[in-house]
Amino acid sequence: MWFKNLSPFRLTEPFTLNADELAEKLETLRFRPCGAHEESSFGWTAPLGKAEQSLVHAANGYMMLCVKKEERVLPTAVVNEMIQEKAAEAEEQQGRKLSKKERTQLKDELIFDLLPRAFTFSRKSYAYIDPKGGWLVVDAASAKSAEDLLSLLRKSLGSLPAVLINTVNNPVTIMTQWLVTQQTPSDIVVEDECELRSPGEEGSIIRCKNHDLSLPEIQNHLDSGKEVIKLALSWADRLSFVIDKSFSIKRLRFLDLVQDQLEDIEVDGEDMRFDVDFSIMTAELGLFLPRLLELFGGEAKSS
């Protein structure tokens, strides 16, 4: 359950629903398995993983959500081969070439026949709402996955004023300055990974991993005008992460100072373990996210 990625959204209006009210809203779009001829299904499921449990898990004022997506798998190569065989058979019988429209229709019919026999796979994505802090935080490795969850939440609630974070100072400028000067705030440590890009969207990119970023070769790239668009950092000996130019966080790890808290808490069963993990994780992120905003000059006021 520990989040590995953070796509944070700012709630621009107070979130007033309690856990029960939110769960009732989500119920209208509860996950159901794919129908025989459906390629995918997308909906809410219980964060604790048991169908009879609530669609919202609440602890210490935070509310955890979970979305599940199931897809039917039809290998493209197999489908294309079968289409070729059926098209060749039809052309031989009719003594003519099939039109593009006819081939498309043939493909649609084939997929319709194959879908009920196709294997399915599913994946879950988690998010939590922090009404007091004004955050929606999604554990998503891609912007699309985060937006898909946000879209489903908006559909469930009717609306949800939430926007991507926009900081006063450009993260690229601040991260570049940290590497150029080799100076960071006291609670931030530069780790061993970065991505540098020449100015402009089509600029050349240098990727460094497991590398001492204070070495002259890195400084030479910076001196030539390259900017930092991704940087590995750690915060207060509690979290390590990679942050990019869009304020998206990847490969988040909770370090020993956080993990050690778990050893002092006795838990009885998976449900209690989930609750403890969720409480500790959100407490840490409740401190970390405001500090991260502060590092980049705070939030820019929307016009």
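Our subject is the structure listed above.
Below you will find a few notes about this structure.

Reading guide: rules and limits
As a convention, each chain's residues are numbered from 1 in the sequence order in which they are written. With the structure being a predicted model, the display of local features is reserved for residues of pLDDT at least 70 and the display and counting of side-chain atom pairs for 80 or more, all residues being used for whole-chain, interface and lining totals. Computation of side-chain values covers all heavy atoms of the structure but excludes hydrogens and water. Helical segments are the DSSP runs of H or I of at least four residues, strand segments are the runs of E of at least two, and each set is numbered from the N terminus. The globule rule used here is 2.2 Å times the number of residues to the 0.38 power, and the radius of gyration it is set against is calculated over C-alpha atoms. For every residue, the accessible area obtained with a 1.4 Å probe (protein chains only) is divided by the maximum for its type, and the residue is called buried under 20%, exposed over 50%, and partly exposed between those limits. In what follows, residue pairs with any heavy atoms lying within 4.5 Å of each other are defined as contacts. Using the Shrake-Rupley algorithm and a 1.4 Å probe, accessible areas are obtained, with residue cover drawn only from the displayed protein chains. Fitted lines through C-alpha atoms give the axes, limited to the stretch in contact for helices. The angle between two N-to-C directions lies from 0 to 180 degrees. The labels follow the angle: roughly parallel below 35 degrees, roughly antiparallel above 145, roughly perpendicular from 65 to 115, and oblique for the rest. A crossing counts as left-handed when the near helix is turned anticlockwise from the far one by less than a right angle, and as right-handed when that turn is clockwise. When residue character is reported, Ala, Val, Leu, Ile, Met, Phe, Trp, Tyr, Cys and Pro are called nonpolar, Asp, Glu, Lys and Arg charged, and the others, Gly included, polar. Salt bridges, as used here, are contacts in which a Lys or Arg side-chain nitrogen is within 4 Å of a carboxyl oxygen on Asp or Glu. By this definition, two strands are paired if DSSP reports at least two bridges between them. Like charges are joined within 9 Å and nonpolar side chains (Val, Leu, Ile, Met, Phe, Trp, Tyr) within 5 Å, but only among residues with over 30% relative accessible area and no salt bridge; these make up the patches. We count Lys and Arg on the positive side and Asp and Glu on the negative side, and we leave His and both chain ends out. Charged groups are reduced to one reference atom each: NZ for lysine, CZ for arginine, CG for aspartic acid, CD for glutamic acid.

### Some thoughts on the overall build of the protein
Across its full length, the protein carries 8 helices and 12 strands. Taking 2.2 N^0.38 as the reference for a compact globule, 303 residues should give roughly 19 Å; the C-alpha atoms of the protein span a radius of gyration of 24 Å, well beyond that estimate. Principal axes of the C-alpha set define a box for the protein whose edges measure 75 × 55 × 45 Å. Split into buried and exposed, the 303 residues of the protein put 44% on the buried side. If you take every contact in the protein between residues at least 6 apart in sequence, the share linking residues at least 24 apart comes to 67%. Roughly 16,800 Å² of accessible area belongs to the protein as shown, and the carbon and sulfur atoms make up 49% of that amount.

### A short note on the packing of helix α5 (residues 171-181) against helix α6 (residues 216-223)
The geometry of α5 relative to α6 is characterised by a closest axis approach of 10 Å and an angle of 130 degrees between their N-to-C directions. The angle between the axes of α5 and α6 places the two elements in the oblique class. Where α5 crosses over α6, the two elements pack in a sense that is left-handed. Facing Thr-176, Leu-179 and Val-180 of α5, the residues of α6 in contact are Ile-218, Gln-219 and Leu-222. Classifying every residue of the contact of α5 with α6 by side-chain character gives 4 nonpolar, 2 polar and no charged.

### Quick word on the pattern of salt bridges
The tally for this structure, following the rule as stated, stands at 14 salt bridges. As a salt-bridge pair, Glu-299 and Arg-10 come within 2.8 Å of each other at their nearest N and O atoms. Taken together, the residues span a long stretch of sequence, with Glu-299 in the segment after α8 (270-295) and Arg-10 in strand β1 (residues 7-11) at a distance of 289 residues. Note on Glu-299: relative accessible area 30%, which makes it partly exposed. In this structure, the salt-bridge partner of Asp-148 is Lys-144, at a minimum N-O distance of 2.8 Å. One end of the pair is Asp-148 and the other is Lys-144, both in helix α4 (residues 143-157) and 4 residues apart, which spans about a single turn. Relative accessible area serves as the criterion here: at 55%, Lys-144 is assigned to the exposed category. Because the salt bridges share partners, they merge into one network encompassing Asp-187, Arg-291 and Glu-294.

### Section: unusual backbone geometry
In this structure, Ala-236 takes a positive phi of about 55 degrees despite not being glycine. If you trace the backbone, Ala-236 turns up in the loop between β10 (227-235) and β11 (239-244). Positive phi, normally seen in glycine, also occurs at Arg-251, with a value near 50 degrees. By secondary structure assignment, the location of Arg-251 is in strand β12 (residues 249-254).

### Overview of the sheet that holds β10
Read from one edge to the other, the open sheet built from 5 strands follows the order β9-β8-β10-β11-β12, with strand pairing classed as antiparallel. A strand with exactly one partner marks an edge of an open sheet, and here the two such strands are β9 (205-209) and β12. Strand-to-strand twist across the sheet, computed as the mean angle between neighbouring axes with direction ignored, equals 15 degrees. Examined bridge by bridge, strand β8 (residues 188-197) and β9 share 5 bridges and lie antiparallel to one another. Along β9, the bridge assignment pairs Glu-193 with Lys-209. Sheet strands in contact with α8 are β8, β10, β11 and β12, and its direction is about 130 degrees off that of β12.

### Points about a negative patch on the surface
On the surface, Glu-81, Glu-85, Glu-89 and Glu-92 cluster together into a patch of negative charge. Relative to the helices and strands, Glu-85 is located in helix α2 (residues 76-94). On the accessibility criterion, Glu-85 (48% relative accessible area) is partly exposed.

### Here we look at the packing of helix α1 (residues 19-26) against α4
At a minimum axis separation of 8 Å, α1 and α4 run at an interaxial angle of 100 degrees. Taken together, α1 and α4 sit at an angle that is classed as roughly perpendicular. Between α1 and α4, the residues in contact are Leu-22, Lys-25 and Leu-26 and Leu-153, Ser-156 and Leu-157, respectively.

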